[in-house]
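Chain and residue survey
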Amino acid sequence: MNGLIVNKFMLLILTAFFCLSLIVIYLPILVMVVFSFNSGKYQTLPFREPTFEWYVSLIADNSFINSFFTSLMMASLASIFATILGFLAAYAFSKAKVPAHALLFGIVVCPLVIPMILIGIGMRLQIVSIGIEPALWLVLLGQTLYVLPLAVINLKNRIDKIPKSMEEAAISLGSTRIKSIILILAPICAPSIFATLLLTFTFSFDEFVIAYFLTNFEVTLPIRIWTSLVTGFEPKINAVGTAVFIFSLTLGLIAQFILLFKQTDLDKNKA
Amino acid sequence: MGGSSNTINPWPFLLPALLLCILFFLIPTVNMVILSLTTENGFGLDNFKLFFSTPHLTQALYRSITLAISATIMGSLVAWPLAYFIVFCVNKKWRPLFLLAILAPFWTSFTIRAFSWQLVLSDNGVIAWFIELITGMSVTLGILYTMNASIFGLALFCSMLTTFTLYGALVSIDTKLIEAASNLGAKPFNIFKDIIFPLGLPGWIAGIFLSFIVCVGDYAVPTLLGGGLKPVLAQIMLSILKGTYDLSQAATIAIILAMTVIMCGLPLIIYGMLRRKRLSV
């Protein structure tokens, strides 16, 4: 089939373009990784002696380590909340008759099509007007809201493909609705649920602006990195960047991998 | 039994998520609108008049829009050859892997990626070093901390996002359509024009829309690559909250930003609705 629409010349150009794009996409990241092992305070080439200095000073820097654990906690909780709420909502949208379906679905997924900065600023103005102090629990709720649409869309896609009859069979054999969801629906969706957890975790882990607006003194990792970038250069930021890159990339790739491969496998088995 | 189990009560499942969205999204949005309309002497559009009569704010709005539009256009153009290559030139089995190669950096911190471009574009960065290595002359690039650097940084992001949405549309095209057209003598260009382009359009438009939203609200790339001297609206919002703390001004800017998204998105939304209508007829 491919030969029908792409001739040899086109194929050559497209391949070249693809490779060039990969170079452009990965070049700066590669440079950052290289610099993270480069000794010397200034970020200039040529490469000097290789060193682990920046990684050592990173581990010794409590402000980075603490903010990392804060982010880890926020992202874990936000992803768990969003996945649970998202699963329940996706189930309702997929299997129940929801009145004003389009409107309610729109409200739930709307945060996805709103610039994040508006969600952050809206919440900040709201808590100021009702007199709540900025705090981490607000960040948690804000980030849950921000990743909820991802969870709903991902899980609804999966639940839509599961025939209602499976659940109905369980119920007519005496199971309750809740039991059939936990024992039948959830296990079928397990790969998608796992992928959704990872996906929402990554997004929440990297989220900056909501956290920035909703806290005063507690610092998440993106805020710590941001402060370092705008207030003056610290050489260990390359090491931080490399570490964060590898951390998020691993999680994101596993999630993406599951969503792209695993689901098609399941669908193939069904068909 | 069958009858009663058909009617699932949606509310217990829906309420938690809905409550979160109402409390932390809908109510704050309404509050923001009210705040932007509140002035010292009651309700009115004074905040908006003040905004549009303050040159550095209108300039920031103009920059936000120009930046978002240029980056979105550039990114969306690059997305076509990339998605086209992955879908039509790569073996079916390897497609997701090729897509992942383009999307992988997408999953990491936006800020970190913007920062990594500083290392490449700055006056003593990798490109300047490379040019000096080849020509032997020291050059001043002057790319970093300009609008062009911002556009470039965001365009890169847009191209990844649009490639992703366009891939989704192209990969679901029924190959029988293309085979049939080819058997009947259609040239590759005509197959593209009459089959692939129209069927890829919804994915492309979705990518453009999402790209624009991200670009118009972004602060990280304009700050790290564009510099702080010519700020966009998002940068000004950030500095208000941590600086002057003029909340009604912050609300006004937020509403103007939201209106910008709606106005630029409206043609795309209308197009989507018309298309759906046409398909359902």
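Please read all numbers here as calculations on a predicted model, not as lab measurements.

Cut-off values and rules
- Residues numbered from 1 in each chain as written.
- Chains lettered and ligands numbered in written order.
- Predicted model: local features only at pLDDT ≥ 70, side-chain atom pairs only at ≥ 80, totals over all residues.
- Heavy atoms only, no water.
- Helix = DSSP H or I, 4+ residues; strand = E, 2+ residues; numbered from the N terminus.
- Rg over C-alpha atoms; globule rule 2.2 N^0.38 Å.
- Buried < 20%, exposed > 50% of the residue type's maximum accessible area, 1.4 Å probe, protein only.
- Contact = heavy atoms within 4.5 Å.
- Areas by Shrake-Rupley, 256 points an atom, 1.4 Å probe, with all protein chains shown as cover.
- Lys, Arg positive; Asp, Glu negative; His and termini not counted.
- Charge placed at Lys NZ, Arg CZ, Asp CG, Glu CD.
- Salt bridge = Lys/Arg side-chain N within 4 Å of Asp/Glu carboxyl O.
- Axes fitted to C-alpha atoms, helices over the stretch in contact; angles between N-to-C directions.
- Left-handed = near helix turned anticlockwise from the far one by under 90°.
- Buried area = accessible area lost by both parts, 1.4 Å probe.
- Polar contact = N/O pair within 3.5 Å; in protein donor to acceptor, adjacent residues only side chain to side chain.
- Patch = residues over 30% accessible without salt bridge, like charges linked within 9 Å, V, L, I, M, F, W, Y side chains within 5 Å.
- Domains from an automatic or database assignment.
- Core = buried A, V, L, I, M, F, W, Y, C linked by side-chain atoms within 4.5 Å.
- Expected span 1.5 Å × (residues − 1).
- Bend = angle between axes of the 7 residues up to and from the residue.

**Brief notes about the overall build of chain B**
Helix and strand counts for chain B stand at 13 helices and two strands. The C-alpha radius of gyration of chain B comes to 24 Å, more than 25% above the 19 Å expected for a compact globule of 281 residues. Counting only C-alpha atoms and orienting by the principal axes, one finds that chain B spans roughly 80 × 70 × 35 Å. Each of the 281 residues in chain B was classed as buried or not, and the buried ones make up 51%. Restricting to contacts in chain B with at least 6 residues of sequence separation, those with at least 24 account for 69%. Taken as a whole, chain B presents about 13300 Å² of accessible surface, with 70% of it coming from carbon and sulfur. Side chains of chain B carry 15 positive and 9 negative charges; the gap between the two charge centres is 14 Å.

**Concerning the overall build of chain A**
The secondary structure content of chain A amounts to 12 helices and zero strands. Taken from N to C terminus, the helices and strands of chain A fall in the order α-α-α-α-α-α-α-α-α-α-α-α. The principal-axis extents of the C-alpha atoms in chain A amount to approximately 70 × 65 × 30 Å. Sorting the 271 residues of chain A into buried and exposed places 53% on the buried side. Counting only contacts in chain A whose residues sit at least 6 apart along the sequence, the fraction spanning at least 24 positions is 72%. When the accessible surface of chain A is totalled, it reaches about 12000 Å², and 74% of it is carbon and sulfur.

**Concerning the pattern of salt bridges**
All names here are of chain A. Applying the stated criterion to the full structure yields five salt bridges over all chains. Here Asp61 and Arg224 are joined by a salt bridge, their closest N and O atoms 3.9 Å apart. Highlighted residues: Asp61 in the loop between helix H3 (53-60) and helix H4 (62-95) and Arg224 in helix H11 (residues 221-231), separated in sequence by 163 residues. You'll find Asp61 and Arg224 in the same group, each marked buried. Across the pair Glu167 and Arg177 runs a salt bridge, and its minimum N-O distance is 2.8 Å.

**Here we look at the packing of helix H8 (residues 147-171) of chain B against helix H10 (residues 188-216) of chain B**
All names here are of chain B. For the pair H8 and H10, the least separation of the axes is 8 Å and the interaxial angle reads 145 degrees. Viewed along their axes, H8 and H10 form a crossing whose handedness is right-handed. Contacts from Leu154, Phe157, Cys158, Leu161, Thr162, Thr165, Leu166, Ala169 and Leu170 in H8 reach Ile196, Leu199, Gly200, Gly203, Trp204, Ala206, Gly207, Ile208, Leu210, Ser211, Val214 and Cys215 in H10.

**Some thoughts on the interface of chain A and chain B**
Listed as interface residues are 93 residues of chain A and, on the opposing side, 88 residues of chain B. Between chain A and chain B the total buried area reaches about 8300 Å² when both faces are included, carbon and sulfur atoms providing 83% of it. At the junction of chain A with chain B, the criterion picks out four residue pairs in polar contact (both at pLDDT 80 or more). No other element matches the 16 residues that helix H2 (residues 8-36) of chain A contributes to the side of chain A that touches chain B.

**Notes on the environment of Thr58 of chain B**
All names here are of chain B. The topology assignment puts Thr58 in helix H4 (residues 55-89). Along the sequence, Thr58 and Val232 sit 174 residues apart, while their C-alpha atoms lie 9.7 Å from each other. If near-sequence neighbours (up to four positions away) are discounted, Thr58 is found in contact with Phe51 and Phe52.

**Here's the deal with the side chain of Ser21 of chain A**
All names here are of chain A. Take Ser21: it is sitting in helix H2. For Ser21, a relative accessible area of 9% gives the class buried. There is a polar contact of 2.9 Å between the side chain of Ser21 and the backbone oxygen of Phe17.

**Notes on a nonpolar patch on the surface**
Among the surface-exposed residues, Met259, Ile262, Met263, Leu266, Ile269, Ile270, Met273 and Leu274 of chain B lie close enough to one another that they form a single nonpolar patch of about 810 Å² accessible area. Relative to the helices and strands, Ile262 of chain B resides in helix H13 (residues 247-280).

**Some thoughts on the domain arrangement of chain B**
All names here are of chain B. Partitioning chain B into structural domains gives domain 1 (1-44) and domain 2 (55-280). Using only C-alpha atoms to locate each centre, domain 1 and domain 2 end up separated by 31 Å. On the domain 2 side, the residues contacting the five residues of domain 1 number six residues. In this assembly, domain 1 packs against domain 2 so that about 410 Å² is buried in total across both faces, 83% of it on carbon and sulfur atoms. Summed over the three residues of domain 1 that lose the most area to domain 2, namely Met32, Leu35 and Ser36, the buried surface amounts to 85% of that side.

**A look at the nonpolar core**
Counting residues in each nonpolar core, the largest one holds 168 residues, and the members touching the most others are Ile117, Ile121 and Ile225 of chain A together with Phe88, Leu170, Ile196 and Leu238 of chain B. With 15 residues, H4 of chain B is the single largest residue contributor to this core. Here this core gathers at least three residues from each of two domains, domain 1 (1-44) and domain 2 (55-280) of chain B.

**Remarks on H2 of chain A**
Residue and element names in this part refer to chain A. With 29 residues, H2 extends 42 Å from end C-alpha to end C-alpha; this agrees with the ideal 42 Å at 1.5 Å per step. Approximately 35 degrees is the largest bend angle found in H2, and it occurs at Tyr26, with the proline Pro28 only one to four residues beyond. Those residues of H2 that sit buried are Leu14, Phe18, Ser21, Ile25, Pro28, Ile29, Val31, Met32, Phe35 and Ser36.

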